[in-house]
Amino acid sequence: MDTKKSNIGWSDEELGASVDGYLKMLKLEKAKQSFNKTAEHELLREGALSARSLASVDYRMRNISAVFEALNHRPIAGYTAANNVGSVIISRIRRILEQRGIIEYQDNAPTSDEALLELRATRLQSEPIKTKPEGITAPQPVSTTSTSYVRDPEVRAWVRQQAAGVCEGCGVLAPFNLDNGQPFLEVHHVKHLARKGSDRITNAVALCPNCHQRCHRSSDRDAFTESLYAKIGRLARE
Ligand SMILES: [Zn+2]
Ligand SMILES: [Zn+2]
């Protein structure tokens, strides 16, 4: 596998495992205990990083060093900070380090990373905000790369035709019509594409925006997804 290609599309789980591996070695280094980088990489590859080569695990560790350096934290000596690390990866690693409590929360710092923005907003919401925020008069655009999947327009069209303007999740009419007169329903993949779900009518449902977000974000998302399998006969588990 060539290193560049193998660095595309790391999941949150893979990045999280890399950060945890890095933090483990950092702790050993600080305690002046010896460790073997290759052995640690192999250990990670027995778990969450089974799809990654030794070279790409090493590169990922050097990405983490780059984030540490940028934050004025001392990185592990054995991992020279990688150059030209993509801004999306930097934000994602930073977010994991925030979640692990390694770097200080800067909850009011602006960010273009939607997940980080949401994490910060959620934390800020836990305390009453005493002064009205000033906000940003002219938000700067940033261009990012993100993973998207090639999908079949016929699947999307068929599923929507089948739904005939009624959400397959809650059975309620679509909340509004589009300019072209079609009812607005979103096509959701019951087993997510990011989890290697297929783009077939046996894995796709037409949902109103509320039900769609419920599948992704609600505390009852697993039970709700189960109810879709029970309710919609054409769905097949993958
Ligand atoms: Zn619905
Ligand atoms: Zn979805």
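Computed from a predicted structure; not experimentally measured.

A word on the overall build of the chain
Thinking step 1. Along its length, the chain carries nine helices and two strands.
Thinking step 2. Its helices and strands in sequence order give the chain the pattern α-α-α-α-α-α-α-β-β-α-α, from N to C terminus.
Thinking step 3. Seen through its principal axes, the chain has C-alpha atoms that stretch 65 × 50 × 30 Å.
Thinking step 4. Sorting the 238 residues of the chain into buried and exposed places 37% on the buried side.
Thinking step 5. In the chain, the proportion of contacts linking residues at least 24 apart, taken out of those at least 6 apart, comes to 57%.
Thinking step 6. When the accessible surface of the chain is totalled, it reaches about 15,200 Å², and 51% of it is carbon and sulfur.
Thinking step 7. Averaging the positions of the 33 positive and the 29 negative side-chain charges in the chain gives two centres separated by 2 Å.

With respect to the coordination of the zinc ion (ligand 1)
Thinking step 1. For the zinc ion (ligand 1), every protein donor is listed as Cys-167 (SG), Cys-170 (SG), Cys-208 (SG) and Cys-211 (SG), and the spread of their distances is 2.2 to 2.4 Å.
Thinking step 2. Each of the four donor atoms bound to the zinc ion (ligand 1) contributes to angles spanning 107 to 115°, and the resulting shape is tetrahedral.
Thinking step 3. Mapped onto the sequence, the donors of the zinc ion (ligand 1) take the spacing C-x2-C-x37-C-x2-C. Placement of Cys-167 in the loop between α7 (153-163) and β1 (186-189) and of Cys-211 in helix α8 (residues 209-217) is noted, with a sequence separation of 44 residues between them.
Thinking step 4. Residue classification places Cys-211 among the buried positions, given a relative accessible area of 5%.

Some details on the coordination of the zinc ion (ligand 2)
Thinking step 1. Those protein atoms acting as donors to the zinc ion (ligand 2) are His-188 (ND1), His-212 (NE2) and His-216 (NE2), and they sit at 2.0 to 2.1 Å.
Thinking step 2. Overall, the relative accessible area of 14% leaves His-212 in the buried class.

Digging into helix α4 (residues 54-70)
Thinking step 1. Spanning 17 residues, α4 covers 25 Å between terminal C-alpha atoms, matching the ideal 24 Å at 1.5 Å per step.
Thinking step 2. All of the buried residues along α4 are Ser-56, Val-57, Arg-60, Met-61, Asn-63, Ile-64, Ser-65, Ala-66, Val-67 and Phe-68.
Thinking step 3. A positive phi of about 60° marks Asn-72, the residue just after α4.

Re the nonpolar core
Thinking step 1. Counting residues in hydrophobic clusters, the biggest one holds 26 residues, and the most contacted among them are Val-19, Tyr-22, Met-61, Ile-64, Phe-68, Ile-93 and Leu-97.
Thinking step 2. For this core, the elements supplying multiple residues, two or more each, are α2 (12-30), α4 and α5 (87-99).
Thinking step 3. Considering each element in turn, this core owes the most residues, seven residues, to α2.
Thinking step 4. Leave out the neighbours within four places in its chain, and Phe-68 touches Tyr-22, Leu-23, Leu-26, His-73, Arg-74, Pro-75, Leu-97 and Ile-102.
Thinking step 5. Counting residues in hydrophobic clusters, the runner-up holds 20 residues, among them Ala-163, Leu-185, Ala-204 and Val-205.

Points about α5
In an α-helix there are 3.6 residues to a turn, and that puts residues three or four apart on one side.
Thinking step 1. For α5, with 13 residues, the first-to-last C-alpha span of 18 Å sits near the 18 Å given by 1.5 Å per residue.
Thinking step 2. Along α5, the residues classified as buried are Ile-89, Ser-91, Arg-92, Ile-93, Arg-94, Arg-95, Ile-96, Leu-97 and Glu-98.
Thinking step 3. Residue Gly-101 follows α5 closely and has a positive phi angle near 75°.

Thoughts on the packing of α4 against α5
Helix packing geometry: the angle between the two helix axes and the distance between the axes.
Thinking step 1. At a minimum axis separation of 10 Å, α4 and α5 run at an interaxial angle of 75°. Our classification of the angle between α4 and α5 gives roughly perpendicular. Side by side, α4 and α5 meet where Arg-60, Asn-63, Ile-64, Val-67 and Phe-68 of the first sit next to Ile-89, Ile-90, Ile-93, Arg-94 and Leu-97 of the second.

Notes on the domain arrangement of the chain
Thinking step 1. Split by domain assignment, the chain resolves into domain 1 (3-125) and domain 2 (153-231).
Thinking step 2. On a C-alpha basis, the centres of domain 1 and domain 2 stand 34 Å from each other.

Some details on the pairing of strand β2 (residues 204-207)
Thinking step 1. Going residue by residue along β2, you find Ala-204 and Ala-206 tucked away on one face and Val-205 and Leu-207 tucked away on the opposite face as well.
Thinking step 2. Here β1 runs beside β2; their pairing, made up of four bridges, is antiparallel. Each bridged residue has a counterpart across the sheet, and for His-189 the counterpart in β2 is Ala-204.

Here is what the cut-offs are and how they apply
Residues numbered from 1 in each chain as written. Chains lettered and ligands numbered in written order. Predicted model: local features only at pLDDT ≥ 70, side-chain atom pairs only at ≥ 80, totals over all residues. Heavy atoms only, no water. Helix = DSSP H or I, 4+ residues; strand = E, 2+ residues; numbered from the N terminus. Buried < 20%, exposed > 50% of the residue type's maximum accessible area, 1.4 Å probe, protein only. Contact = heavy atoms within 4.5 Å. Areas by Shrake-Rupley, 256 points an atom, 1.4 Å probe, with all protein chains shown as cover. Lys, Arg positive; Asp, Glu negative; His and termini not counted. Charge placed at Lys NZ, Arg CZ, Asp CG, Glu CD. Donors = N, O, S within 2.8 Å, 3.2 Å for Na, K, Ca; no water. Tetrahedral: all angles 85-135°; square planar, octahedral: opposite > 155°, others 65-115°. Expected span 1.5 Å × (residues − 1). Core = buried A, V, L, I, M, F, W, Y, C linked by side-chain atoms within 4.5 Å. Axes fitted to C-alpha atoms, helices over the stretch in contact; angles between N-to-C directions. Parallel < 35°, antiparallel > 145°, perpendicular 65-115°, else oblique. Domains from an automatic or database assignment. Pairing = 2+ DSSP bridges.

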